[in-house]
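# Chain and residue survey
So you can see what is in the structure, the chains are spelled out below.
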Amino acid sequence: MSEAQAGSSSGAQSAAQNKKQADLQAQYNNYKSTLQQLAQKIGELESETDEHKLVLDTLKPLPADRKCFRMIGGVLVERTVADVIPALETNASGVEAVLKQLVEEYRKTEEDMRSWQKKNKVQVVQGS
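Definitions and cut-offs
- Residues numbered from 1 in each chain as written.
- Predicted model: local features only at pLDDT ≥ 70, side-chain atom pairs only at ≥ 80, totals over all residues.
- Heavy atoms only, no water.
- Helix = DSSP H or I, 4+ residues; strand = E, 2+ residues; numbered from the N terminus.
- Rg over C-alpha atoms; globule rule 2.2 N^0.38 Å.
- Buried < 20%, exposed > 50% of the residue type's maximum accessible area, 1.4 Å probe, protein only.
- Contact = heavy atoms within 4.5 Å.
- Areas by Shrake-Rupley, 256 points an atom, 1.4 Å probe, with all protein chains shown as cover.
- Pairing = 2+ DSSP bridges.
- Salt bridge = Lys/Arg side-chain N within 4 Å of Asp/Glu carboxyl O.
- UniProt positions renumbered as here; feature names shortened; annotations may be inferred.
- Patch = residues over 30% accessible without salt bridge, like charges linked within 9 Å, V, L, I, M, F, W, Y side chains within 5 Å.
- Lys, Arg positive; Asp, Glu negative; His and termini not counted.
- Charge placed at Lys NZ, Arg CZ, Asp CG, Glu CD.
- Core = buried A, V, L, I, M, F, W, Y, C linked by side-chain atoms within 4.5 Å.

### Some points on the overall build of the chain
Helix and strand counts for the chain come out as 2 helices and 2 strands. Ordering the α and β elements of the chain from the N terminus gives α-β-β-α. In summary, the chain has a C-alpha radius of gyration of 27 Å against a globular reference of 14 Å for 128 residues, an excess of more than 25%. In terms of overall dimensions, the chain has a C-alpha envelope of 95 × 30 × 25 Å along the principal axes. Burial statistics for the chain: of 128 residues in total, 19% are counted as buried. Sequence separation of at least 24 residues holds for 63% of the intrachain contacts in the chain that already meet a minimum separation of 6. Accessible surface for the chain amounts to roughly 9700 Å². Of this, 51% is attributable to carbon and sulfur atoms.

As structure tokens, then:
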């Protein structure tokens, strides 16, 4: 093989390795971005769950016929405590169910990322 052929062969290998590294970096960034988005949404839903719990704890000791106000679709609506508590409990349980799904999805994505890292022998190097 002549020197020119050896040089072009080496260049092709280098280009292929650079492409593979770029693909691995893109996949890693995709995993990190997905995990970050899931964590952010989980935080929002945890906050919403705490808010529902606080409101329920405040309303439960009150008389059932006492009037209260509830925001529905941006409109403040007058209701009674007896009307609001079941709706809040339903909403709270729905939020908790979605939260559990997101936590499970986060764990699965994290596990997928770990197995992907093992499979591709990816080591994370923290920049200083």
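### Thoughts on the pairing of strand β2 (residues 75-80)
Two strands pair when backbone bridges link them, and strand β1 (residues 67-72) and β2 are joined in this way by 6 bridges, in the antiparallel orientation. By the bridge assignment for β2, Lys 67 is matched with Thr 80.

### Notes on the pattern of salt bridges
Pairing between side chains of opposite charge can happen when the charged atoms of each approach one another. The final tally for this structure, using the stated rule, is 7 salt bridges. As a salt-bridge pair, Lys 41 and Glu 44 come within 3.6 Å of each other at their nearest N and O atoms. Taken together, the positions of Lys 41 and Glu 44, both in helix α1 (residues 3-59) and 3 residues apart, correspond to about one turn of that helix. Assessed through its relative accessible area of 40%, Lys 41 is described here as partly exposed.

### Some words on the UniProt feature "coiled-coil region" (unreviewed entry) in the chain
Taking the numbering used here, the UniProt-annotated feature "coiled-coil region" (unreviewed entry) corresponds to residues 92-119. The span residues 92-119 is 100% helix and 0% strand, and its two end C-alpha atoms sit 40 Å from each other.

### A look at a negative patch on the surface
Side chains of Glu 46, Glu 48, Asp 50 and Glu 51 sit close together on the surface and give a patch of like negative charge. Within the fold, Asp 50 resides in helix α1. Its relative accessible area of 53% is what places Asp 50 among the exposed residues.

### Let's talk about the environment of Trp 116
Locating Trp 116 in the fold gives a position in helix α2 (residues 81-119). Residue class for Trp 116 comes out buried when judged on its relative accessible area of 11%. Considering only alpha carbons, one finds Trp 116 and Gln 13, 103 residues apart in sequence, at a separation of 23 Å.

### Comments concerning the nonpolar core
Counting residues in each nonpolar core, the largest one holds 8 residues, listed as Leu 56, Leu 59, Cys 68, Val 81, Val 84, Ile 85, Leu 88 and Ala 92. Breaking this core down by element, the ones donating at least two residues are α1 and α2. It is α2 that contributes the most residues to this core, 5 residues altogether. Non-local contacts of Val 84, meaning those with residues more than four positions away in its chain, are made with Leu 59, Cys 68, Arg 70 and Arg 79. Ranked by size, the runner-up nonpolar core spans 6 residues in total, among them Leu 38, Leu 45, Val 95 and Leu 102.

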